[in-house]
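Residue-level structural notes
Listed below, chain by chain, are the residues.
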Amino acid sequence: MAVWPAVFALNGDESMTGTSLSTSRILLVIGGGIAAYKALELIRRLRERGARTRVVMTSAAKQFITPLSAAALSGDKVYDDLFSLTDEAEMGHIELSREADLVVVAPATADLLARMANGLADDLATTALLATDKKTLVAPAMNLRMWLHPATQRNVAALRQDGVLFVGPDDGEMACGEYGPGRMAEPLAVVAAIEAALAKSTSLALPAGVGRVSGERASGPLAGRHVLVTSGPTHEPIDPVRFIGNRSSGLQGHAIAQAAADAGARVTLVSGPVCIPDPKGVEAVHVEDARAMLAAVQAASPADIFIGAAAVGDWRVAHFGAQKIKKGAAGPPTLALVENPDILATISRKSPARPTLVVGFAAETEHVIDNARDKLRRKRCDLIVANSVAEGTGTFGGSANAVHLVTAAAVESWPEMSKQEVAERLIERLVAILKDKT
Ligand code: C5P
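Analysis parameters
- Residues numbered from 1 in each chain as written.
- Predicted model: local features only at pLDDT ≥ 70, side-chain atom pairs only at ≥ 80, totals over all residues.
- Near = placed C-beta within 6 Å.
- Helix = DSSP H or I, 4+ residues; strand = E, 2+ residues; numbered from the N terminus.
- Nonpolar A, V, L, I, M, F, W, Y, C, P; charged D, E, K, R; others polar.
- Buried ≥ 20, exposed ≤ 12 C-beta atoms within 10 Å, placed from the backbone.
- Pairing = 2+ DSSP bridges.
- Core = buried A, V, L, I, M, F, W, Y, C linked by C-beta atoms within 7 Å.
- Domains from an automatic or database assignment.
- Contact = placed C-beta atoms within 7 Å.
- Axes fitted to C-alpha atoms, helices over the stretch in contact; angles between N-to-C directions.
- Parallel < 35°, antiparallel > 145°, perpendicular 65-115°, else oblique.
- Left-handed = near helix turned anticlockwise from the far one by under 90°.

1. Topic: the site of the ligand
For the ligand, the set of nearby residues contains 14 residues, the closest of which are Gly 308, Val 312, Ile 343, Leu 344 and Gly 360. Sorting the residues of the shell around the ligand by element identifies helix 13 (343-348) and strand 17 (357-364) as the ones contributing at least two each. Take the shell around the ligand: its biggest share by element is 3 residues, from strand 17. Here the shell around the ligand is composed, by residue class, of 7 nonpolar, 4 polar and 3 charged.

Structure (structure tokens):
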């Protein structure tokens, strides 16, 4: 059995280290596309968090980045040749793919997706992908027309059907100058999706009685259901030390995740940076920014119920500074902002994978109900939980909340109660609505 590369923490920031990620072994298959350079950053980010990465490169990938760079960053040799006797002697392709906890393909080109969807195995990358008994997460990257082509979409649907997980692609300007979906997800978003995928597989390995193993073993009105909850704020980085954040504590979202788990659901909680513990019996995925939160939500999908309780940052800076911005004679910097993806609206979109129930939150400082109705329409969700966060209400960080449940048909106003009670009553209502819908 070949030894996995040792890991040396590059920044030692424990707060950014997910526990399952820090002990994981990732087999990273790098496909041949202009986005291959992002795979190098991905290796670095994974290593910072303690994960060990073993790299397989396709021959096309070597046209874009060198095996030497990948080897230097991963601290291991790079595997690239199916028929290399040395490689086979050290570690066969079967062992290569099975020793990992998760297989990640980034960037996944249209060609690689097509070969995966059809079970082809004509090089080391595709052979390892076919031989693996582990989950596979792919980060597609290609020209938007190639992504939107019915053949690629057919392949993506087939791979999803096979249980392959996806992160991205993002909308944006392509290397070829066109604008649309096809850009590979950013390395931090891929890290969040990896963490979400690992959380899922780790939970299968938990001994009985620790956490919730599966919906079947649980009892309660949501037994057998998957509930996906976002909670807390997001931190949108400006440079390595500064960020744009908000005052969300995560108390309400975490209480909802707990109430759903208590009702028997398998719960995935995607949380921004908070100072409260993970609720018991939920699969928690920790993220920093909005794009990572979306990636983690997509990786944890599908779900029966999605509850977007997070206060997601609406904007991020257009240009992240890799170095700390220095104070200087030029005066304060001007921060150009760009809009973040709307997670709730994305999950609400009509698709076969849409959760049966999509619930959003509306924190308003005025015209609470009118604004919530407008949000319900715009984001096409089934229910909005609206509350006032005006000065003096104490909602942010406080233990109590007074909410209004707004649907297309009615508005129901609840008296002020604890966030835990709001969570329990909300889950009761969702159970009833779900029953009517299914
Ligand atoms: O538009 P606004 O931020 O007021 O909407 C609040 C609701 O939308 C919440 O449920 C929040 O979790 C969700 N949201 C989101 N992604 C964003 C912004 C808000 O999911 N980028």
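Still more to cover.
2. Some words on the pairing of strand 14 (residues 305-308)
Burial along strand 14 is two-sided: Ile 305 and Ile 307 and Phe 306 and Gly 308, pointing in opposite directions, are all buried. Direction of pairing for strand 9 (residues 226-231) relative to strand 14: parallel, over a ladder of 4 bridges. When the sheet's bridge partners are listed, Val 227 is paired in strand 14 with Ile 305. Note: strand 14 against strand 17, 4 bridges, orientation parallel.

3. Concerning the nonpolar core
If you look at the biggest cluster of nonpolar residues, it comprises 123 residues, and the most contacted ones within it are Ala 193, Ala 260 and Ala 296. With 11 residues, helix 10 (residues 187-205) is the single largest residue contributor to this core. Each of domain 1 (20-192) and domain 2 (210-437) contributes no fewer than three residues to this core. The contact partners of Ala 193, leaving out residues within four places of it in the chain, are Leu 137, Leu 165, Val 167, Ala 295, Ala 296 and Ala 299.

4. Observations concerning the sheet that holds strand 1 (residues 25-30)
Strand order in the open sheet made by the 6 strands is 3-2-1-4-5-6, with parallel pairing throughout. At either end of the open sheet lies a strand with only one pairing partner, and these are strand 3 (78-79) and strand 6 (165-166). When strand 1 meets strand 2 (residues 52-57), the two strands line up parallel, connected through 6 bridges. Note that in strand 2 the partner of Arg 25 across the bridge is Arg 52.

5. Focus: the packing of helix 6 (residues 110-117) against helix 9 (residues 150-161)
With their axes 9 Å apart at the nearest point, helix 6 and helix 9 run at an angle of 50 degrees to one another. Classed by the angle they form, the pair helix 6 and helix 9 counts as oblique. Of the two elements, helix 6 crosses helix 9, and the hand of that crossing is left-handed. Residue-level inspection shows Ala 110, Leu 113, Ala 114, Met 116 and Ala 117 of helix 6 in contact with helix 9, the latter providing Thr 152, Asn 155, Val 156, Ala 158 and Leu 159. The class makeup of the residues in the contact of helix 6 with helix 9 is 8 nonpolar, 2 polar and no charged.

6. As for the sheet that holds strand 18 (residues 383-388)
The strand order 13-12-9-14-17-18-20-21 describes an open sheet built from 8 strands, whose pairing is mixed. In this open sheet, the two edge strands, each paired with only one partner strand, are strand 13 (283-286) and strand 21 (411-413). Direction aside, neighbouring strands of the sheet carry axes that sit 15 degrees apart on average. Across 4 bridges, strand 18 lies against strand 20 (residues 403-406) in antiparallel orientation. Bridged to Val 385 within strand 20 is Leu 405. Set on the sheet, helix 12 (residues 290-300) makes contact with strand 9, strand 12 (266-271) and strand 13; between it and strand 12 the angle comes to about 165 degrees.

Remember that the coordinates give geometry; whether it matters functionally is a separate question.
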